[in-house]
Amino acid sequence: MLPSRIIPRLVPRLVPRLSGYSKQLQSMATVSRKFDSPALFICDIQENFRPAISTFPHIIATTQKLLTFARLLKIPVIATTQLRAKLGPTCAELNLPESPSKRPSDLLLAVHADKTRFSMYTEEVQAATFEYGKMQVALVGIEAHICVSQTALDLQRAGHAVSVIADGVGSVNGGEVRVALDRLRAAGVTVTTSESWMYECMGDAEIKQFREVSKLVKESKEATRKAVEALCGS
């Protein structure tokens, strides 16, 4: 135990140090991204849909942007195809290998699975994402009123927070998109845009990747504008 005569001498020295330590802890807290376990789900963006969906170029552009974001923040990517033998592979522009074992080092691809179920949330996907716990999902893909909707509702029922990215989904019949998004909102699923989700995922401009993300947003500004305008006109 310290002698009582020493305590008055130590207090003036300790208080600034403790105060500085407290500020350091606060600073560390502010640079943590807002989402604990974000994930990007890419639903059935396949070649055979390309000529049938008028907004297909916007879906590709939005997904490319989110993939770049996922690389920057080390966010896991979950991708599926629907009956790949009939509807074709995932579009080449997305540069997604068929197997996680073949992924580039900067891409955290958890699974790239083919399926017959309409929902992405198959047993294979559940097994591949089990380690991530309850996820904050950004969901893009095709078709909005079928596979995307069923995936969103299944993920929600499983306890995950789901954001359907409105500028990254589409349907062969364009009118189905608005109906699907209205239905998902009514069910409690978040409907938002790619840029909004990215900034919410970061939560703070002080995170180390912010400058690179800001550059990404600027570079994709025109493509984002066209995608959102196409959505509003649907």
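Below is a short write-up of the structure.

Basis of the calculations
Residues numbered from 1 in each chain as written. Predicted model: local features only at pLDDT ≥ 70, side-chain atom pairs only at ≥ 80, totals over all residues. Heavy atoms only, no water. Salt bridge = Lys/Arg side-chain N within 4 Å of Asp/Glu carboxyl O. Buried < 20%, exposed > 50% of the residue type's maximum accessible area, 1.4 Å probe, protein only. Helix = DSSP H or I, 4+ residues; strand = E, 2+ residues; numbered from the N terminus. Pairing = 2+ DSSP bridges. Axes fitted to C-alpha atoms, helices over the stretch in contact; angles between N-to-C directions. Contact = heavy atoms within 4.5 Å. 1 Å grid on protein atoms, 1.4 Å probe; cavity = no way out; pocket = protein on both sides within 12 Å on 5 of 7 lines; lining within 4 Å. Points joined across faces, edges and corners; volume = space filled by probe spheres on them. Nonpolar A, V, L, I, M, F, W, Y, C, P; charged D, E, K, R; others polar. Expected span 1.5 Å × (residues − 1). Phe/Tyr/Trp six-rings, centres within 6.5 Å; stacked < 30°, edge-to-face > 60°. Polar contact = N/O pair within 3.5 Å; in protein donor to acceptor, adjacent residues only side chain to side chain.

What follows covers the pattern of salt bridges. Following the criterion strictly, the structure yields twelve salt bridges and no others. Residue Arg50 pairs with Glu47 through a salt bridge whose shortest N-O separation is 2.9 Å. Here Arg50 falls in the partly exposed class, since its relative accessible area comes to 31%. With a relative accessible area of 27%, Glu47 lands in the partly exposed category. A salt bridge links Glu229 to Arg225, with the nearest nitrogen and oxygen atoms 2.9 Å apart. Pair noted here: Glu229 and Arg225 are both in helix 9 (residues 221-232), with a separation of four residues, about one helical turn. Take Arg225: its relative accessible area is 36%, and that puts it in the partly exposed class. Taken together, the salt bridges that share partners define one network made up of Arg117, Glu123, Asp154 and Arg157.

Turning our eyes to something else, we now look at the sheet that holds strand 3 (residues 109-115). Strand order in the open sheet made by the six strands is 3-2-1-4-5-6, with parallel pairing throughout. At either end of the open sheet lies a strand with only one pairing partner, and these are strand 3 and strand 6 (190-192). Going from strand to strand, the sheet's axes swing by 20° on average, the running direction of each strand aside. Contacts between helix 7 (residues 194-202) and the sheet are confined to strand 1 (38-43), strand 4 (136-142), strand 5 (161-170) and strand 6, with strand 5 contributing the most and set at about 150° to the helix.

Counting across every chain of the model gives one cavity of 30 Å³ or more. Empty space within the largest cavity amounts to approximately 30 Å³. Broken down by secondary-structure element, the contributors of at least two residues to the lining of the largest cavity are helix 2 (56-73) and helix 9. Grouping the constituent residues of the lining of the largest cavity by class yields three nonpolar, three polar and one charged.

Given 3.6 residues per helical turn, the α-helix brings residues three or four places apart onto the same face. In this model, helix 2 (18 residues) spans 26 Å end to end at C-alpha, consistent with the 26 Å of a helix rising 1.5 Å per residue. All buried positions along helix 2 are accounted for by Phe56, Ile59, Ile60, Thr62, Thr63, Lys65, Leu66, Leu67, Phe69, Ala70, Arg71 and Leu73. Positioned one or two residues after helix 2, Lys74 has a phi angle of 55°, which is positive.

By the definition in use, this model includes three aromatic pairs. When the ring of Phe35 is compared with that of Trp197, the centres are 5.9 Å apart and the planes differ by 45°; the resulting orientation is tilted. A residue pair is termed long-range when its members are at least 10 positions apart, and Phe35 in the loop between helix 1 (7-30) and strand 1 and Trp197 in helix 7 qualify at 162 residues. Given the relative accessible area of 11%, Phe35 is considered buried. Between Phe69 and Trp197 the ring centres are 6.0 Å apart and the planes differ by 75°, which places this aromatic pair in the edge-to-face class. With Phe69 in helix 2 and Trp197 in helix 7, this residue pair connects regions lying 128 residues apart in the sequence. With a relative accessible area of 0%, Phe69 lands in the buried category.

The omega angle of the peptide bond from Ile142 to Glu143 is -20°, so this bond is cis rather than trans. One non-glycine residue with positive phi stands out, namely Asp44, at about 55°. Summarising the element assignment, Asp44 is placed in the loop between strand 1 and helix 2. The backbone of Lys74 sits at a positive phi, close to 55°, despite the residue not being glycine.

The next point concerns the environment of Gln46. Looking at where Gln46 falls in the secondary structure, it is placed in the loop between strand 1 and helix 2. Each C-alpha atom, one on Gln46 and one on Thr80, is 9.3 Å from the other, the two residues being 34 residues apart in sequence. Excluding anything up to four places from it in sequence, Gln46 contacts Phe56, Thr81, Gln82, Leu83, Arg84, Leu87, Gly88, Pro89, Thr90 and Cys91. From its side chain, Gln46 meets the backbone nitrogen of Gln82 in a polar contact 2.8 Å long.

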